[in-house]
Amino acid sequence: MILDEIVDYLSCNGVSFEQNYSTSKLSFLEIGGPARLVAYPKSKYELCKLLNKLTHKAIKFIVIGNCSNVFFSSFGYDGVVISTRLLNEIHISGNSIEALCGALVTDCAVLSMSFGLSGLEFLCGIPGSVGGAVYMNSCAYDGKI
Ligand SMILES: Cc1cc2nc3c(=O)[nH]c(=O)nc-3n(C[C@H](O)[C@H](O)[C@H](O)COP(=O)(O)OP(=O)(O)OC[C@H]3O[C@@H](n4cnc5c(N)ncnc54)[C@H](O)[C@@H]3O)c2cc1C
């Protein structure tokens, strides 16, 4: 089975993963059936290598952030779920904030505020990651990603 090859790849390359894992444990609203495989890359390098591998092998996958806008079927998902939850670093330097795609937008907003920076207030309360916010063009009040 082709997903067994991906399991071997993840094991050999030190990428965290779970098999037959309930997506309700990933979902913000705690719903959804089992995913055949969930991978947690912890660096941009691991993420890119995994995406290359899955694309090359034509294996079905989905990238999720905080899973607040994705709903998996109760019957499950027979591909690979890539969770970005370990890609959660946030750095502030001067007036700039740099965050990896799995960082929560609320954490970005709160950290900016603690450094005296404004502009991300509209993100407070949106239960998404940076990647999810960019993909969905998160907006609230008068602010938009
Ligand atoms: C209670 C509640 C309140 C909400 N309030 C708001 C609101 O005020 N404003 C608003 O705009 N939205 C709101 N949302 C919707 C949701 O939170 C946003 O769309 C959020 O940006 C989704 O981010 P996520 O990390 O949860 O994305 P997910 O649900 O994990 O994914 C959403 C989409 O983005 C893609 N994606 C995620 N990460 C990446 C990545 N790194 N690279 C490429 N694609 C990626 C996924 O494949 C999927 O297609 C709300 C949702 C809930 C449940």
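Here the structure is shown first, and the text comes after it.
Read on for an overview of the structure. Note that the structure is predicted; figures quoted are calculated from it, not measured. (Residues numbered from 1 in each chain as written. Predicted model: local features only at pLDDT ≥ 70, side-chain atom pairs only at ≥ 80, totals over all residues. Heavy atoms only, no water.)

Turning to the sheet that holds strand β4 (residues 77-83), a few remarks are in order. Taken together, the four strands give an open sheet; going across it, the order is β1-β2-β4-β3, and neighbouring strands pair in mixed fashion. Of all the strands in the sheet, the pair left with one neighbour each is β1 (16-22) and β3 (61-64). In this sheet, adjacent strand axes meet at a mean angle of 25° when their direction is disregarded. Relative to the sheet, helix α1 (residues 2-12) contacts β1, β2 (34-40) and β4, its axis offset from that of β2 by approximately 30°. (Pairing = 2+ DSSP bridges. Helix = DSSP H or I, 4+ residues; strand = E, 2+ residues; numbered from the N terminus. Axes fitted to C-alpha atoms, helices over the stretch in contact; angles between N-to-C directions. Contact = heavy atoms within 4.5 Å.)

Further remarks concern helix α3 (residues 105-114). Spacing of three or four residues puts side chains on the same side of an α-helix, whose turn is 3.6 residues. Among the residues of α3, V105, C108, A109 and S112 are the ones counted as buried. Take α3 and look down its axis: the buried residues cluster within an arc of 95°, on one side only. One or two positions beyond α3, positive phi appears at G116, with a value near 75°. (Buried < 20%, exposed > 50% of the residue type's maximum accessible area, 1.4 Å probe, protein only. Arc of directions from axis to C-beta.)

Turning our attention to the pattern of salt bridges. Tallied over the entire structure, the rule returns four salt bridges. A salt bridge links E46 to K42, with the nearest nitrogen and oxygen atoms 2.7 Å apart. The residue K60 makes a salt bridge to D78 at a minimum N-O spacing of 2.6 Å. Pair noted here: K60 is in the loop between α2 (44-56) and β3 and D78 is in strand β4, with a separation of 18 residues, a long-range link. (Salt bridge = Lys/Arg side-chain N within 4 Å of Asp/Glu carboxyl O.)

The complete set of buried residues in α1 reads L3, I6, V7, Y9 and L10. Buried residues of α1, viewed axially, fall in a sector of 160°; they line one side. The inward-facing, buried residues of α1 abut β1, β2, α2 and β4. Immediately beyond the C-terminal end of α1, within one or two residues, lies G14, with a positive phi of roughly 70°.

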